[in-house]
Amino acid sequence: MHKKNIQTAGKSLKEAEKVLIMVHGRGADARDILGLAPYFNVSEYALLAPEATNNTWYPYSFLAKPEQNEPWLSSALNILKETLDEVTNHGISAENIYFLGFSQGACLTLEFVARNAQKFGGVAAFTGGLIGDKLNTENYSGDFNGTPIFIGTGNPDPHVPLERVNESVAILQKMNAKVSLEVYDGRPHTISQEEIEEVNKFIFK
């Protein structure tokens, strides 16, 4: 399964007051997602990016039956839990911990925070939704207590249908997240400058 391999940048956990956990997409790696950091207002943050073994968090689409993506999916969620635990063990509270993910990393990020909802600093999901052929709300617990969650997506997107994004937004809102959804018609599967600006205004103020 996934081996714990966390790449870091920015401030050290000992000196930072805020932490951003960055989750890369399929076929990418930790250094790729860390390379986005200069575009965001996170110069004072500690940056942690766990890396997927073989550069993929789970083998099939996030819309596949969960058992088809096991045991990799559970292992990936556990890597995020270990990353979060490493941060909290340094005395950093959840409200100073932020998450950012792209594509497969955005799906994994949303799934993880929904299963472990609490008042986080914020979540930025670039093209993603909650995982599974059907969404099982029994998997999700906790209260976001106003955590800002940004979700940006193209329409149509080749991997992430808007219908699933909307379903995910509804569940996150029921869990008391403050969700900002931005849909960009005709945008390719990438991160746009508009999204970066929105995230800086909404989360990394």
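Residues numbered from 1 in each chain as written. Predicted model: local features only at pLDDT ≥ 70, side-chain atom pairs only at ≥ 80, totals over all residues. Heavy atoms only, no water.

Things to note about the nonpolar core
Next, step 1: The biggest cluster of nonpolar side chains holds 49 residues, and the ones touching the most others in it are F99, F144, I149, I151 and L172.
Next, step 2: Going through the elements one at a time, strand 2 (19–23), strand 3 (46–50), helix 2 (72–88), strand 4 (97–102), helix 3 (104–115), strand 5 (122–126), strand 6 (148–155) and helix 4 (162–174) are the ones with two or more residues in this core.
Next, step 3: What I149 contacts, discounting residues up to four positions off in sequence, is L110, V123, F144, L172, A177, K178, V179, S180 and F202.
Next, step 4: Formed by 24 residues, the second largest nonpolar core is a distinct cluster that contains Y45, L100, Y184 and F204. (Core = buried A, V, L, I, M, F, W, Y, C linked by side-chain atoms within 4.5 Å. Buried < 20%, exposed > 50% of the residue type's maximum accessible area, 1.4 Å probe, protein only. Helix = DSSP H or I, 4+ residues; strand = E, 2+ residues; numbered from the N terminus. Contact = heavy atoms within 4.5 Å.)

Considering the side chain of S168
Next, step 1: Here S168 lies in helix 4.
Next, step 2: In this structure the side chain of S168 is engaged in a polar contact, spanning 2.9 Å, whose partner is the backbone nitrogen of L130.
Next, step 3: Those residues within four positions of S168 in sequence are excluded, and the remaining contacts are G129, L130 and L135. (Polar contact = N/O pair within 3.5 Å; in protein donor to acceptor, adjacent residues only side chain to side chain.)

Remarks on the sheet that holds strand 2
Next, step 1: One open sheet accounts for seven strands, arranged 1-3-2-4-5-6-7; its pairing is mixed. Since the sheet does not close on itself, it has two edges, and those belong to strand 1 (6–10) and strand 7 (178–185), each with one partner. Here the strands of the sheet are splayed against their neighbours by 15° on average, with no regard to which way each runs.
Next, step 2: Of the pairings in the sheet, the one linking strand 6 to strand 7 comprises eight bridges and is parallel in character. (Pairing = 2+ DSSP bridges. Axes fitted to C-alpha atoms, helices over the stretch in contact; angles between N-to-C directions.)

Looking at the packing of aromatic side chains
Next, step 1: Evaluation of the coordinates by the stated rule reveals eight aromatic pairs.
Next, step 2: On the numbers, 5.8 Å between centres and 90° between planes, the contact of Y45 with F204 is edge-to-face. Taken together, the residues Y45 in the loop between helix 1 (30–34) and strand 3 and F204 in the segment after helix 5 (193–202) connect sequence positions 159 residues apart.
Next, step 3: Owing to a relative accessible area of 6%, Y45 belongs among the buried residues under this scheme.
Next, step 4: When the centroid spacing of 6.0 Å and the interplanar angle of 50° are considered together, the rings of F99 and F112 count as tilted. With F99 in strand 4 and F112 in helix 3, this residue pair connects regions lying 13 residues apart in the sequence. Note on accessibility: F99 and F112 belong to one class, buried. (Phe/Tyr/Trp six-rings, centres within 6.5 Å; stacked < 30°, edge-to-face > 60°.)

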